[in-house]
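# Descriptive structure summary
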Protein chains: 2
Amino acid sequence: MVKVIGNNTPALKTGDPEPKLAKGKARIYSNRFCPYSERALLYAAAKGFEVEIVNINLKEKPEWYFSKHPQGKVPAFERDGEIVIESSIIPDYLDDIYPSSAILPTDPYEKAKQRIMLEQAAPVTTTFFGLYAVNKDKLEGEARFAKLKAVEDALDGAEKLLKDKYFGGSTAGYADWLLFPFFERIAIFSALLDFSSPFPGDRWPALSAWWARISVHPAVAAVTQPPALHHEFIEGFLSGKPVNDIGI
Amino acid sequence: MVKVIGNNTPALKTGDPEPKLAKGKARIYSNRFCPYSERALLYAAAKGFEVEIVNINLKEKPEWYFSKHPQGKVPAFERDGEIVIESSIIPDYLDDIYPSSAILPTDPYEKAKQRIMLEQAAPVTTTFFGLYAVNKDKLEGEARFAKLKAVEDALDGAEKLLKDKYFGGSTAGYADWLLFPFFERIAIFSALLDFSSPFPGDRWPALSAWWARISVHPAVAAVTQPPALHHEFIEGFLSGKPVNDIGI
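Residues numbered from 1 in each chain as written. Chains lettered and ligands numbered in written order. Predicted model: local features only at pLDDT ≥ 70, side-chain atom pairs only at ≥ 80, totals over all residues. Heavy atoms only, no water.

An unreviewed UniProt entry lists chain A under the name Glutathione-dependent dehydroascorbate reductase, from Pristionchus entomophagus.

This brings us to the interface of chain A and chain B. Tallying the contact residues gives 22 residues for chain A and 22 residues for chain B. Here chain A meets chain B over a buried area of about 1900 Å², counting both sides, of which 62% is carbon and sulfur. Per-residue buried area on chain A facing chain B is highest for Ile89(A), Tyr109(A) and Gln120(A); these three make up 29% of the total on that side. Joining chain A to chain B, the criterion identifies four salt bridges. For the pair chain A and chain B, the interface holds six residue pairs in polar contact (both at pLDDT 80 or more). Those elements that provide at least two residues to the side of chain A that touches chain B are strand E5 (82–85), helix H2 (90–97) and helix H3 (108–120) of chain A. Per-element accounting of the side of chain A that touches chain B gives the leading share, eight residues, to H3(A). Its residues placed into classes, the side of chain A that touches chain B shows eleven nonpolar, four polar and seven charged. (Contact = heavy atoms within 4.5 Å. Buried area = accessible area lost by both parts, 1.4 Å probe. Salt bridge = Lys/Arg side-chain N within 4 Å of Asp/Glu carboxyl O. Polar contact = N/O pair within 3.5 Å; in protein donor to acceptor, adjacent residues only side chain to side chain. Helix = DSSP H or I, 4+ residues; strand = E, 2+ residues; numbered from the N terminus. Nonpolar A, V, L, I, M, F, W, Y, C, P; charged D, E, K, R; others polar.)

Moving on, we come to the sheet that holds strand E1 (residues 4–5) of chain B. Residues and elements named next belong to chain B. Read across the sheet, five strands follow the order E1-E3-E2-E4-E5 without closing on themselves; strand pairing throughout is mixed. This sheet does not close on itself; its edge strands, each paired only once, are E1 and strand E5 (82–85). Of the pairings in the sheet, the one linking E1 to strand E3 (residues 51–55) comprises two bridges and is parallel in character. Along E3, the bridge assignment pairs Val-4 with Val-51. Along the sheet, helix H2 (residues 90–97) contacts strand E4 (76–79) and E5; its crossing angle with E4, the most-contacted strand, is approximately 25°. (Pairing = 2+ DSSP bridges. Axes fitted to C-alpha atoms, helices over the stretch in contact; angles between N-to-C directions.)

Right, let's get into the relation of the copies chain A and chain B. The two copies are related by a screw operation: chain A maps onto chain B through 180° of rotation and 0.0 Å of translation along the axis, at an RMSD of 0.0 Å. Taken together, the turn and the small shift mark the pair as related by a two-fold rotation axis. Of all interface residues in chain A, 100% are interface residues in chain B too; the two copies therefore contact each other through one and the same surface. (Least-squares fit on C-alpha atoms with pLDDT ≥ 70 in both.)

The strand order across the open sheet formed by five strands is E1-E3-E2-E4-E5 (chain A), and the pairing between neighbours is mixed. For this open sheet the edge positions go to strand E1 (4–5) and E5 of chain A, each flanked by a neighbour on one side alone.

A word on the domain arrangement of chain A. Residues and elements named next belong to chain A. As far as domains go, chain A holds domain 1 (4–103) and domain 2 (108–216). Facing 14 residues of domain 1, the contacting portion of domain 2 comprises 14 residues. In total, domain 1 and domain 2 occlude about 1100 Å² of area from one another, counting both sides; carbon and sulfur atoms represent 61% of this. When the shortest N-O distance is used, the salt bridge between Arg-115 and Asp-92 registers 2.0 Å. For the interface between domain 1 and domain 2, the tally reads four residue pairs in polar contact (both at pLDDT 80 or more). Breaking the side of domain 1 that touches domain 2 down by element, the ones donating at least two residues are helix H1 (35–47) and H2. Residue contributions to the side of domain 1 that touches domain 2 peak at seven residues, all from H1. (Domains from an automatic or database assignment.)

In the UniProt entry, the feature "domain: GST C-terminal" (unreviewed entry) is given for residues 107–243 of chain A. For residues 107–243 of chain A, helix accounts for 66% and strand for 0%, while the C-alpha atoms at its two ends are 43 Å apart. (UniProt positions renumbered as here; feature names shortened; annotations may be inferred.)

Bringing the pairing of strand E3 (residues 51–55) of chain A into the picture now. All names here are of chain A. Counting buried positions over the five residues of E3 gives four, a clear majority of the element. Both strand E2 (residues 26–30) and E3 contribute to a ladder of four bridges, which runs parallel. Paired with Ile-28 across the two strands is Ile-53, which belongs to E3. For the segment spanning E2, H1 and E3, crossover handedness is right-handed. (Buried < 20%, exposed > 50% of the residue type's maximum accessible area, 1.4 Å probe, protein only. Right-handed = clockwise from strand over helix to strand, strands pointing away.)

Residue and element names in this part refer to chain A. Pairing of E2 with strand E4 (residues 76–79) involves four bridges; the strand directions are antiparallel. Note that in E4 the partner of Ala-26 across the bridge is Arg-79. Here E4 runs beside E5; their pairing, made up of four bridges, is antiparallel. By the bridge assignment for E5, Arg-79 is matched with Glu-82. The hairpin turn running from E4 into E5, its antiparallel successor, is two residues long, and Asp-80 in that turn takes a positive phi close to 50°.

Dropping the structure here:
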């Protein structure tokens, strides 16, 4: 089912030529540790169409990459000369061009509800940066408490939103895939939160069950990186020297 | 063509009862000076379906309004018990339920390009707040310069994106309506920028021509408030005492 090809290939950097893309073939420009790229990868993997990944070194970007994205950011999707950027725009586009595997509901209200769900859970996608700040700036006392509390509040909010097996309902949906990379990073750095497990079931029973369920989804297995590599990447990232090709 | 009803009615506040909404009738919960509400109003006016506006006092919110929006924010759209919130979600939903007046293109790539356009012009939607800060905090020197320069940089970016008569192409489109309220507020407070006109044509020729064109669109005439009322509202807003019903 999963046809994401080349996710663990070295990141292309300044001086590297642009790899040729054959007619009809789909490609995602990505970075193995970027949560926004991961949204596009998960969505593609969950849909199950064949797509080639080209990793981009975000510190030393290939010159030609700016013709794909004006600011040289990832992710970007390309097929037959059509380039679509932004992790919040690519999923809709993928559903439009591969409608048989559409993840967003076709019913207008059900579709809007998925978008509202993502928007209401948005604190999860922003507060997790606070965990990096706690590490990087070695925050203590009040400042540390405030950052960690913001994450816990975001989890409280998500817990209330999760009324079924998944944010998308009885199966993983749009909001699940766009939120997953951020929950994943909270889980990976949850030691900072003094959690016994990523999302302890006594405090967040719905999230805890969701996490157990979605973690074993084939799309997650296909595109995510092991926690140990995330830890190694973040150490480099926080010291200003991100290493792109860890573990490959 | 324009059928937006009741835009200039007093804002409902704590204690006021919920007005009954008849079957099949559409309603937007709004606030006359909120740029996010204005997005929904403009989009509805440009589409031309009949919609009733219910204004909400955002300082003293009616109790029942939290059943429409969990945080009590505006805008929200309601019809036949379906409630859709968020100014970035309502337009898609309106195109889905009133497809004959769809503003977003049906072609997937053209649609994605409209969303990307909005995203790329997003600095216009955030930097304008800096003009309020300059006023409120009576910023001087470096701090004042930084805020005003951020707005000018955002306008430079928008100028580059505007390659046709409108952001949407030869006619006003999705990106035009979602960006308009923010350009409008920059125009209203452009005296701070020492501009001779809202968007001087010698610096921003495309934006200047766009502004002249869109300002006379029937949808703009139908839902916007006169600059003098905006000035009066902002004065109250910055002093912590926003007056909702100015001019009615």
